[in-house]
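# A look at the structure
Now for the letters of each chain:
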Amino acid sequence: MIKNGAEVQVICTPSALDFVTPLTLSTLSKNAIHSHFFVEETGQWTNHVELGKWADAFIIAPATANSLTKMAHGYCDNLLLATYLSADCPVFFAPAMDLDMYLHPTTVKNIHTLKSYGNIELPAGDGELASGLVGKGRMCEPEAILTRLNKLFVDSRSISGKRILVNAGPTYEKLDPVRFIGNYSSGKMGKAIANALAQRGATVDLVLGPVSSEGVLPAVNLIKIESAEDMYEACNAIFDQCDAAILSAAVADYKPNTQANQKIKKKTNDFTLHLVKTKDVLKSLGLRKNKQILVGFALETQNEYENALTKLEKKNLDFIVLNSMNDKGAGFGKDTNKVTIIEKNGKKHTFETKPKTEVARDIINLLSTYL
Ligand code: CTP
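Residues numbered from 1 in each chain as written. Predicted model: local features only at pLDDT ≥ 70, side-chain atom pairs only at ≥ 80, totals over all residues. Heavy atoms only, no water.

## Notes on the domain arrangement of the protein chain
Keep this limit in mind: Delimitation of the domains relies on an automatic or database domain assignment. Only heavy atoms matter for contacts: two residues are in contact if any of them lie within 4.5 Å across the pair. Here the quantity called buried area is the accessible surface, traced with a 1.4 Å probe, that two parts lose on coming together, added over both. We count a salt bridge whenever a side-chain nitrogen from Lys or Arg sits within 4 Å of a carboxyl oxygen from Asp or Glu. In protein, a polar contact means a hydrogen-donor-capable atom and an acceptor-capable atom, both N or O and within 3.5 Å, with residues adjacent in sequence counting only if both atoms are side-chain atoms; elsewhere, any N or O pair within 3.5 Å suffices. Numbered from the N terminus, helices here are DSSP runs of H or I no shorter than four residues, and strands are runs of E no shorter than two. Only Asp, Glu, Lys and Arg are considered charged, only Ala, Val, Leu, Ile, Met, Phe, Trp, Tyr, Cys and Pro nonpolar, and every remaining residue, Gly among them, polar.
Assigned domains within the protein chain: domain 1 (14-156) and domain 2 (159-370). In this complex, domain 1 contributes 9 residues to the contact, which on the side of domain 2 involves 8 residues. The contact between domain 1 and domain 2 buries some 640 Å² in all, and 45% of this surface belongs to carbon and sulfur atoms. The largest contributions to the domain 1 side of the interface with domain 2 come from G118, D155 and S156, which together make up 58% of the buried area. Put simply, domain 1 and domain 2 have 0 salt bridges between them. Taken together, domain 1 and domain 2 are joined by 1 residue pair in polar contact (both at pLDDT 80 or more). Ranked by residue count, the leading element in the side of domain 1 that touches domain 2 is helix α7 (residues 142-156), at 4 residues. In terms of residue class, the side of domain 1 that touches domain 2 is made up of 4 nonpolar, 3 polar and 2 charged.

Dropping the structure here:
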């Protein structure tokens, strides 16, 4: 990192100092090492809050089973952990431990928990381990860590500091006090987009329909709504202050024309619902947009490309993300998606089936070229 022109500060846990001397690390990093809350030689207290705020990225490598456990549960009994809790930059962690420790359900769960808080895992590699066992648990190679870090800075350049509106999830259209019309949308795609944008330094407003907000990063400004009308109001209230909007929500197209105040009783054999059109949120933003980059989604079951193209034009979008219900691994509730992105200049990008977190990255990479 020093060779790449970075400014580096090193924090060592007490155990790390059993492996490596402070002199080596201070010589290489060109800075004094931080290892204790209180420095006896100078009589000074190490300000972990300042350290946490100073960094543009925080890399915990190697991250031992012990440190991972403590990080996942908010322990704060050494300088590394206190700084981790104070950091407001992207945090990377590179697990390194022996095979069975790495595979232990506790470790697996802790890694999962840390990722759910928005920390970025630098996955361990396979190979010979300190115990002599061969398997997974070797710390991610330093070159790979550097590549990942460089990617973060390149990816963030045009997104950082921008305000971006994202919507996600279904909407519920109320019929009576106990019933609604809804759809199967889980909101996972939109949540992944909102999180990825926040990790790249954007100010993100996520307007989320009636699904769980679990997994949404604390840095995302969350606005919970229920109906298509609520979605319309919330998105239109924010849009003018935004640089871009990505509308992934499965907004209901129709709602009951009246809502009963009391539960509808089953009196007749047939029951007909009278539905009326809801407002098209995306179209309304397309009509109002000036500087904003506007991105929509299209969910299709037939004539996918033609239908998506029509939506792109009609709703005045910069690009549209098409997912077809005919593709395996795509659609509502899944953790993966398969998309084709069509730009307003007709350029088409097709992608393989991949986790929604990676699809989010593809969408944001294209958005960044517009911003
Ligand atoms: N959309 C919206 N408001 C609506 C309906 C759709 O903002 N009332 C947005 C969706 O969030 C998505 C895009 O419009 O970004 C396309 O949604 P989709 O359901 O694929 O298409 P519709 O426009 O609803 O047309 P149709 O249902 O006839 O395919």
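After that view of the structure, there is still more to cover.
## Focus on the packing of helix α8 (residues 188-199) against helix α12 (residues 356-370)
For clarity, the threshold we go by: Axis lines are fitted through C-alpha atoms, for helices just across the contact stretch, and the angle between N-to-C directions can take any value from 0 to 180 degrees. When describing relative orientation, an angle under 35 degrees is termed roughly parallel and one over 145 degrees roughly antiparallel, while 65 to 115 degrees is termed roughly perpendicular and anything else oblique. By definition, any crossing whose near helix is turned counterclockwise from its far helix by less than a right angle is left-handed, and any crossing with a clockwise turn is right-handed.
At a minimum axis distance of 8 Å, the contact between α8 and α12 shows a crossing angle of 55°. With respect to their mutual orientation, α8 and α12 come out oblique. Along this stretch, α8 crosses α12, giving a crossing that reads as right-handed. Facing K188, M189, A192, I193, A196 and L197 of α8, the residues of α12 in contact are K356, T357, V359, A360, I363, I364 and L367. Considered class by class, the residues forming the contact of α8 with α12 number 10 nonpolar, 1 polar and 2 charged.

## Describing the pattern of salt bridges
Our working rule: Think of it in three bands: residues with accessible area under 20% of the maximum for their type are buried, residues over 50% are exposed, and the middle band is partly exposed, with areas taken using a 1.4 Å probe on protein chains only.
Taken as a whole, this structure holds 15 salt bridges when the rule is applied. One salt bridge in this structure joins R163 and D205, with 2.7 Å as the shortest N-O distance. Taken as a pair, R163 in strand β8 (residues 163-168) and D205 in strand β11 (residues 203-208) lie far apart in primary sequence, 42 residues in all. On the accessibility criterion, R163 (26% relative accessible area) is partly exposed. Close ionic contact of K354 with D362 constitutes a salt bridge, the shortest N to O distance being 2.7 Å. Across the pair, D362 and K354 agree in class, each one buried. By sharing partners, the salt bridges in this structure join K289, D318 and K344 into a single network.

## Section: the pairing of strand β6 (residues 125-128)
Under the convention used in this document: At least two DSSP bridges between two strands are required for those strands to pair.
As judged from the 4 bridges shared by β6 and strand β7 (residues 134-138), these two strands associate in the antiparallel manner. Note on β7: the bridge partner recorded for G125 is R138. Here β6 hands over to β7 after 5 residues, with G132 in that stretch at a positive phi of 100°.

## Here we look at the packing of helix α9 (residues 228-239) against helix α10 (residues 281-288)
Look at α9 against α10: their axes get within 9 Å of each other, and the N-to-C directions meet at 25°. Relative to α10, α9 is oriented roughly parallel. Handedness of the crossing formed by α9 with α10: right-handed. When α9 is examined against α10, the residues A228, M231, Y232, C235, N236 and F239 are found in contact with a partner set consisting of V281, S284, L285 and R288. Class assignment of the residues belonging to the contact of α9 with α10 gives a composition of 7 nonpolar, 2 polar and 1 charged.

## Some words on the packing of aromatic side chains
To keep it simple, the criterion reads: Planes of paired rings set the category: under 30 degrees apart is stacked, over 60 is edge-to-face and the rest tilted, where pairs are Phe, Tyr or Trp rings (Trp by its six-membered ring) whose centres lie within 6.5 Å. Geometrically, a lysine NZ or arginine CZ counts as sitting over a ring once it is within 6 Å of the ring centre and also within 35 degrees of the ring normal.
Scanning the model with the defined rule gives 2 aromatic pairs in all. For the pair Y172 and F180, a centre-to-centre distance of 3.6 Å together with 10° between the ring planes defines the contact as stacked. For Y172, a relative accessible area of 22% gives the class partly exposed. Centre to centre, the rings of F319 and Y370 are 5.6 Å apart; their planes meet at 45°, and the pair counts as tilted. Linking F319 in strand β17 (residues 319-324) with Y370 in helix α12, this pair joins segments that are 51 residues apart in sequence. Across the ring face of Y232, the terminal group of K279 is positioned such that the distance to the ring centre comes to 4.5 Å. Here the basic side chain of K348 rests over the ring of Y305, its NZ or CZ set 4.6 Å away from the ring centre.

## Describing the site of the ligand
The criterion, for reference: Nearness here has a simple test: a residue counts as near a molecule or strand if at least one of its heavy atoms is within 4 Å of that partner. All accessible areas in this document rest on Shrake-Rupley with a 1.4 Å probe, and a residue is counted as covered only by the protein chains that are shown.
In the vicinity of the ligand there are 16 residues, among which L247, A249, L282, K311 and K315 approach most closely. Contact distances for the ligand include 3.0 Å between a nitrogen atom and a backbone N or O atom of V281. One nitrogen or oxygen atom from the main chain of F297 is found 2.9 Å from an oxygen atom belonging to the ligand. Taken by itself the ligand offers 570 Å² of open surface, and the protein chains cover 76% of this. Counting residues per element, the ones that place at least two in the shell around the ligand are α10 and β16 (293-300). With 4 residues, the single largest contributor to the shell around the ligand is β16. Here the shell around the ligand is built from residues that sort into 9 nonpolar, 2 polar and 5 charged.

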